[in-house]
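Observations on the model geometry
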There are 2 protein chains.
Amino acid sequence: MVRAKVGEIDRSNSADKVEKILLGAMQQFLVHGYAATSMDKVAEAAGVSKATVYSHFQDKEGLFRALIEKLARKRFHSILGTQGLVGEPYIVLRRLAKTALEQMVNDQEYQAFERLLIGESARFPELAQVFILSIAKPAIETISKYLASRTELKIPDPEATARILIGSLVHFVMTQEIMHGKDIMPMESDRLIDALTHLIVNCAD
Amino acid sequence: MVRAKVGEIDRSNSADKVEKILLGAMQQFLVHGYAATSMDKVAEAAGVSKATVYSHFQDKEGLFRALIEKLARKRFHSILGTQGLVGEPYIVLRRLAKTALEQMVNDQEYQAFERLLIGESARFPELAQVFILSIAKPAIETISKYLASRTELKIPDPEATARILIGSLVHFVMTQEIMHGKDIMPMESDRLIDALTHLIVNCAD
DNA sequence: GTCTATACATGGATAGAC
DNA sequence: GTCTATCCATGTATAGAC
């Protein structure tokens, strides 16, 4: 066992254990889902004993809730990135769609998180709502405000249009990556991006 | 035990048992997910013994695969219904969007099916692909062909546009119903339908 | 706080009678 | 083909030593 040298602060303290447990829990729950994850495997992945897990979290459900809430906080605003939405619609919307798609397609953790939340949304409805409140809602609001600000687009309902934009992108990743459709129903991201920006930008009548 | 009268054919035969088992399996898997469903509960829900379940299906995985394939076949073309896509775009697209949304919102079995497939899409990628091939792909193709046939819409990429349309609708149901967002982030279906038809129909420049 | 060892329940799968 | 009874592995959770 590695131990802190004399004079150094021992960092193997309780708070660190909690972090290690949450990290182990993340690896297991994201890969295997809630029911198929065992507390033994969580403890093993975290490098602590099972009793230690139970000393920090009431039970499996409590650990799961704590993990999901932590992940949702971490991902707050992450789909859009922190790019400010200012400038010409054609440029801004293209970049937005392109960035969001790239982020989601290349982020295996995001995809596993979606699988987990949707799969458990019947058993844990409040956790699905945590996701909605911390990720989906802010994204819709940000895009909605931008669309409303560009009056030349003449969009009658910016919020509904923001949902169309985000829904198209998220659902594309859902079918192509999460549900493994890209091999049997392929489509280049750019085609979706082109069609989306065309619909929104060229639609001012 | 109810038994067939003399002269009648005994319908409690093997084929019926298979049906009963699949029905019980459906109830359990759709509600609890794959891992949290036990073969005991399946047998109980089906009204047969566990050994009978194992005499018709190799193991839990085999039963699950058989069930998903059956459900996917049953739902072939179900989202769009069997409505023919002919007529004025404004009318056709509105009716299409309205019907699809109503179907999905009111069909708890569809929502449970989506939860299950997405939740298990890492463990059972081929089953997610069965869903794509039997439901998503035909829907995209049908709408894509319709959009291409209406040349007055001047849609540069009908297939990409079809994906935008379907993605918006499915994702709307995903956030509002499946992930329980309707209470914390409400929006009338009609606003989405209006915004969608406006984008697609009024966009011919 | 942390560990080892264990209690207790449940789950997947099968043996053997009918 | 179908049932009851059972085997054995695994899972959640805790008791008790340090």
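Everything that follows concerns the structure shown earlier in this document.
This write-up is about the structure you can find in this document.

Cut-offs applied
Residues numbered from 1 in each chain as written. Chains lettered and ligands numbered in written order. Predicted model: local features only at pLDDT ≥ 70, side-chain atom pairs only at ≥ 80, totals over all residues. Heavy atoms only, no water. Contact = heavy atoms within 4.5 Å. Buried area = accessible area lost by both parts, 1.4 Å probe. Salt bridge = Lys/Arg side-chain N within 4 Å of Asp/Glu carboxyl O. Polar contact = N/O pair within 3.5 Å; in protein donor to acceptor, adjacent residues only side chain to side chain. Helix = DSSP H or I, 4+ residues; strand = E, 2+ residues; numbered from the N terminus. Nonpolar A, V, L, I, M, F, W, Y, C, P; charged D, E, K, R; others polar. Near = heavy atom within 4 Å.

Looking now at the interface of chain A and chain B. Contact with chain A, which involves 54 residues of that partner, is made by 54 residues of chain B. Summed over both sides, the interface between chain A and chain B buries roughly 4700 Å², with carbon and sulfur atoms accounting for 71% of that surface. Across the pair Arg191(B) and Glu159(A) runs a salt bridge, and its minimum N-O distance is 3.7 Å. Counting across the chain A and chain B interface gives 14 residue pairs in polar contact (both at pLDDT 80 or more). In terms of residue count, helix H8 (residues 158-178) of chain A provides more of the side of chain A that touches chain B than any other element does, 15 residues in total. For the side of chain A that touches chain B, the residue count by class is 30 nonpolar, 14 polar and 10 charged.

Every one of the 15 residues lining DNA strand C counts as a neighbour, but Ser14(A), Thr52(A), His56(A), Met39(B) and Lys50(B) are closest to it. Restricting the count to atoms of DNA strand C within 4 Å of the protein gives a sugar and phosphate share of 59%. Residue Ser49(A) places a main-chain N or O atom 3.0 Å away from a phosphate oxygen belonging to DNA strand C. Residue assignment for the surface near DNA strand C shows that the elements contributing at least two residues are helix H1 (14-32) and helix H3 (50-56) of chain A together with helix H3 (50-56) of chain B. Considering only residue class, the surface near DNA strand C consists of five nonpolar, six polar and four charged.

Further remarks concern the protein's contact with DNA strand D. Close to DNA strand D lie 16 residues, the nearest being Met39(A), Lys50(A), Ser14(B), Thr52(B) and His56(B). Take the atoms of DNA strand D that sit within 4 Å of the protein: sugar and phosphate atoms are 60% of them. Contact between DNA strand D and Met39(A): a phosphate oxygen at 2.7 Å from a main-chain N or O atom of the residue. The separation between a phosphate oxygen of DNA strand D and a polar main-chain atom of Ser49(B) is 3.0 Å. Partitioned by chemical class, the residues of the surface near DNA strand D number five nonpolar, six polar and five charged.

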